[in-house]
Amino acid sequence: MAIDPKFEENRDVADEHEDHRVWGPVDEPEQLGIHGTHVAVDFDICIADGACLEDCPVDVFEWVDTPDHPESEIKADPVKEEQCIDCMLCVDVCPVDAIDVDPGRAGRL
Ligand code: SF4
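The structure presented is a predicted model; accordingly, all values stated were derived computationally and were not measured. (Residues numbered from 1 in each chain as written. Predicted model: local features only at pLDDT ≥ 70, side-chain atom pairs only at ≥ 80, totals over all residues.)

Q: Help me understand the pairing of strand S2 (residues 20–23) in this model?
A: Along any regular strand, the residues point their side chains to alternate faces of the sheet. The sheet contact formed by strand S1 (residues 13–17) and S2 spans four bridges and is antiparallel. Note that in S2 the partner of His17 across the bridge is His20. Taking the residues that link successive antiparallel strands as the turn, the S1-S2 hairpin has two residues, and the phi of Glu18 there is positive, at about 50 degrees. (Pairing = 2+ DSSP bridges. Helix = DSSP H or I, 4+ residues; strand = E, 2+ residues; numbered from the N terminus.)

Q: Help me out: how do you make sense of the sheet that holds S1 in this one?
A: Pairing between sheet strands relies on hydrogen bonds along the backbone, with the strands arranged either parallel or antiparallel. Taken together, the five strands give an open sheet; going across it, the order is S1-S2-S3-S4-S7, and neighbouring strands pair in antiparallel fashion. The outermost strands of the open sheet, each flanked by one partner alone, are S1 and strand S7 (99–101). Summarising the sheet, S2 and strand S3 (residues 34–35) pair through two bridges and their orientation is antiparallel. Within S3, the residue paired with Trp23 across the bridge is Ile34.

Q: Got a minute to help me understand the UniProt feature "binding site: [3Fe-4S] cluster" (unreviewed entry) in the chain in this structure?
A: UniProt records the feature "binding site: [3Fe-4S] cluster" (unreviewed entry) at Cys46, Cys52 and Cys94, using the numbering of this structure. Annotated residues spanning 49 residues; largest pairwise C-alpha distance 10.7 Å, indicating a single compact cluster. Ignoring anything within four residues of it in the chain, the contact list for Cys46 reads Val41, Glu71, Ser72, Lys75, Ala76 and Ala98. Relative to the assigned elements, Cys52 resides in helix H2 (residues 51–55). (UniProt positions renumbered as here; feature names shortened; annotations may be inferred. Contact = placed C-beta atoms within 7 Å.)

Q: How should I be thinking about the site of the ligand in this particular structure?
A: Taken together, 14 residues surround the ligand, and among them Cys56, Val60, Cys84, Cys87 and Cys90 come closest. In the shell around the ligand, the residues fall into 12 nonpolar, no polar and two charged. (Near = placed C-beta within 6 Å. Nonpolar A, V, L, I, M, F, W, Y, C, P; charged D, E, K, R; others polar.)

Written out as C-alpha cells, the structure reads:
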C-alpha cells in the first residue's frame, strides 16, 4: 500500500512535529500517521530503508526514533520540507512508496 496522495482531503491534522504537520489517525506506538505536507512521509509504511536520506540533495530528512512501530523503529522525518527543490528523487527511490512530494502543497505548510 502506497501513501495516499490525497491525504489532505482524507485525513485530519492530528499533531505538529518539528514544525510540520502530522496527519492522523495517530495511535502511538503502532499508528503514527503521515508526517509533512509538501514532503509527506507515511510513517506507517516507512521501513527505514534510508535511500531518501542518502539521495536527497538538500537534506530534508532526518531519522526519528519510533520504538515499537511494527514496520521499523526509526523513520525518515521530513524535518526541513521547506528546503525541498522537488527533484522527486526520494519518491523514486522509496521501495515502499511511502513518500509523496507535491509543490502545490508547499504553500499550505
Ligand atoms: S523531492 Fe528531492 S529535494 Fe524534495 S525531499 Fe525529495 S529528494 Fe529531497
